[in-house]
Amino acid sequence: MSDKRGMTAEDLYRLVWTSDPSLSPNGEHVAYVSKTVNKDRDGYNSHIRMVELGSHEDIAFTSGEQDRHPVWSPDGRKLAFLRNHKDKPQIWVIPANGGEAQVITHAEHGVSGFAWSPDSSKLLFRTQIDAVSSNEADVEDSKKARQESVDQKKPLEEEIIDRIRYKADGSGRWNGRRSHLYIQQLGSDAPAPLTGGDYDIGDFCWSPDGEHIAFVAKIPEDDTDPDLSLINDVYVINSSGGNRRKLTSSEWTVYAVSYSPDGKKLAIFGSDRSHHNATQVNLFIRPVEDGEWLSVTKSYDLQLSNSMVSDMRSGTRSNGPVFSEYSESVYSLVSREGGVHLAKFAADGSGYEWISQGKRDIYQFEQGSNGQFILAAADPAQPGDLFLLDTQSKLESRLTQHNDAFLEEVEVILPEEFYYTASDGENIQGWVMKPAGTPSGTKVPTVLEIHGGPHAMYGFTFMLEFQLLAARGYAVIYTNPRGGHGYSQEFVNAVRGDYGGRDYADLMEAVDHVLSAYDFVDESQLFVTGGSYGGFMTNWIVGHTNRFKAAVTQRSISNWISFYGVSDIGFFFTEDQIGGDAWKNTELLWKHSPLAYVEQVETPLLILHGEEDHRCPIEQAEQLFIALKRLGKETQFIRFPKSSHELSRGGHPGLRVKRLNHIVRWFDEHK
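A brief structural summary.

Cut-offs and rules
In every chain, residue numbers begin from 1 and rise along the written sequence. This being a predicted model, a pLDDT of at least 70 is required before a residue's local features are given, and a value of 80 or more before pairs of side-chain atoms are given or counted; all residues contribute to the totals for chains, interfaces and linings. Remark: hydrogens and water are excluded; side-chain values derive from all non-hydrogen atoms of the structure. Counting from the N terminus, the helices are the DSSP runs of H or I reaching at least four residues and the strands are the DSSP runs of E reaching at least two. Our radius of gyration looks at C-alpha atoms and nothing else; its globule reference is 2.2 Å times the residue count to the power 0.38. With a 1.4 Å probe rolled over the protein chains alone, any residue whose accessible area is under 20% of its type maximum counts as buried; one over 50% counts as exposed, and the rest are partly exposed. Two residues qualify as a contact provided that any one of their heavy atoms is within 4.5 Å of a heavy atom in the partner residue. Pairing of aromatic side chains requires ring centres within 6.5 Å, counting the rings of Phe and Tyr and the six-membered ring of Trp. Pairs whose planes differ by under 30 degrees are stacked, by over 60 edge-to-face, and all others tilted. Charge-over-ring contacts are defined here by two conditions on Lys NZ or Arg CZ: a distance within 6 Å of the ring centre and an angle within 35 degrees of the ring normal. Where helices are involved, their axes are fitted lines through C-alpha atoms of the stretch in contact, as for all axes, and angles between N-to-C directions lie from 0 to 180°. Any angle between 65 and 115 degrees counts as roughly perpendicular, while under 35 counts as roughly parallel, over 145 as roughly antiparallel, and the rest as oblique. In this classification, Asp, Glu, Lys and Arg are treated as charged, Ala, Val, Leu, Ile, Met, Phe, Trp, Tyr, Cys and Pro as nonpolar, and every other residue, Gly included, as polar. When DSSP locates at least two bridges between a pair of strands, those strands are taken to pair.

This brings us to the overall build of the protein chain. Check the secondary structure of the protein chain and you find 12 helices and 39 strands. For the protein chain, whose C-alpha radius of gyration is 25 Å, the value lies close to the compact-globule estimate of 26 Å for 671 residues. Counting only C-alpha atoms, the protein chain reaches 70 × 60 × 55 Å along its principal axes. Going through the 671 residues of the protein chain one by one, you find that 57% of them count as buried. Within the protein chain, contacts between residues separated by at least 24 positions form 57% of all contacts whose residues are at least 6 apart in sequence.

A few words now on the environment of Asp130. Residue position: Asp130 is located in strand S10 (residues 122-130). Expressed as a C-alpha distance, the spacing of Asp130 and Gly176, which sit 46 residues apart in the sequence, is 6.2 Å.

Across all of its chains, the model carries 34 aromatic pairs by this definition. With 4.8 Å between their ring centres and 70° between their planes, Tyr331 and Phe373 make a pair best called edge-to-face. Taken as a pair, Tyr331 in strand S25 (residues 329-336) and Phe373 in strand S29 (residues 372-379) lie far apart in primary sequence, 42 residues in all. With respect to class, Tyr331 is no different from Phe373; both count as buried. Three or more aromatic residues link up through ring pairs in this structure, and these residues are Tyr499, Tyr533, Phe536, Trp540, Trp560, Phe563, Phe573 and Tyr597. In this structure, Lys35 is placed above the aromatic ring of Tyr44, and the distance from its NZ or CZ to the ring centre is 4.5 Å. The ring of Trp174 carries Arg163 above its face, with NZ or CZ at 4.6 Å from the centroid.

Moving on, we come to the packing of helix H5 (residues 502-517) against helix H6 (residues 533-542). Following both chains from N to C, one finds H5 and H6 inclined at 80°, their axes separated by 11 Å at the closest point. In terms of axis orientation, H5 runs roughly perpendicular to H6. Together, Asp503, Tyr504, Leu507 and Met508 of H5 and Tyr533, Met537, Trp540 and Ile541 of H6 make up the contact between the two elements. Among the residues making up the contact of H5 with H6, the classes are represented as seven nonpolar, no polar and one charged.

The element strand S13 (residues 177-185) is largely enclosed, with a buried count of seven among its nine residues. Linking two consecutive strands that pair antiparallel, namely S13 and strand S14 (residues 192-193), is a turn of six residues; a positive phi of about 90° is found at Gly187 within it.

And the structure:
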């Protein structure tokens, strides 16, 4: 019998999150971000630490409360990072050998991203500026009136809105600004503007010679409303801001762009939208000068980037395509069958190979020299650390151990992987966790967990929610039904137009498989929960079967008709995923809405929702709750203040703990 204790929700306060590795140019040190819950348990602190690769000595390098995104200067003499200055994120620079950090930028609205120039003399950064548009005067007058109302306590003024994308989850309503690029010369007071106009800059990078900058943007070319399109383009401009060239043909969604070290090629992560929102991310490469884009990875049927669902990360910076030292190949993370690994793709499309292996979740990486890589990786037994991988020797060493003391104290339950054959012949991957110390022949209550997305993936990573349920005596089933990434383009596309169809069958058949294969699962005590798409599916399940004793729906969708007009993505997501709009296709949207089946619900349902969720707005929960109460069903509604769609992953720590405890409490009350 183990003398370790089971995990609790409050263990969230003990965890350390490790991210954003940055390898020094000489290959001797790794700077990274260490994040913890603050002492008041109402937010997070983060600072930059430094690991010396030879000795593995790990020291605190900065002492700020919100230091993040460290990036070495190419000459290795300085480290730049983001830290708030007068309540706005600005770029700070600290000498590589230590000392006092100095603030470099003073952008009025803060800095949202930056990159060193190749000669280490300048910083390219992105910030917000006031939009320039046909309604500029109206927007500006509205902004000033609202501010004066606040400053002078005058009566509130109206807010003028003319964009369909006027709000976004996590950032709220549009502030009338656009994101653009500036160059800050070290030692200079004022930055030089590089871009401007009624559009936003996405990803960006320098050319190796410092003469050009590539960026991603959606720049209007006609009177078509750009908010109605998911297409953007790649542009290259001189480092002085002139001679803008468009290198794509307005056919793709582009997520990231990178120059090759020899300056001759560009690589992008993008989607050709052949399967609309379900299209896998692929790698495209073309010569910087005249040439065609080569689709490097589409024939491999892989999902590039990290699609893993985890309650340990929110807003972690993702890797774009990374060229090898001699520009002949590109490295990328790949989501595949419940794992995320590093792969190397030949730039000419001739093949690929796996660089990492094992059942794990690599969420970031840094390329070094001589075949070395820094990996930020989690697995079911630990929430994330840094590892040094030497591809020549095939050896890997661990660089950080911030959660080891805590993990030695608690019982970590490891999942057992399984596959089952669905009724239509498809192989479906899943996992089951058995509570520690369960006597042979004993049956335990069991929770079915359903991931969000739906174009996401459960897998070999650490989930505090699952560990908590197992510690409280519940077996946990989680699986990847049709619609999730990690298997094939056909697999991820299968859910579109079929919400509540094949995906529902996959989940029910997964439960049937576990009941037949594992004798510790109590068929009379089944429970279900999920968030976002998983919340939709939880709502759907309780309206279509009574096999679960209780359910918890989180940040869910209940009514596609109203979702169309209230979600920040509702108008295009509903059309893409369900197949219609709210006025011409009302019957179709209602057919796929869990609210349509509310009279059939007999399962006690707990509804959890964030007040400031713009992705799945709280009115979705309100409609469901009122209908259930009006019909005399057993339900409870819990609203979390100042919480967006990211509550479970990066929200207020105290509310994250309360959320976890409410889930367990509801299931305990209905055993």
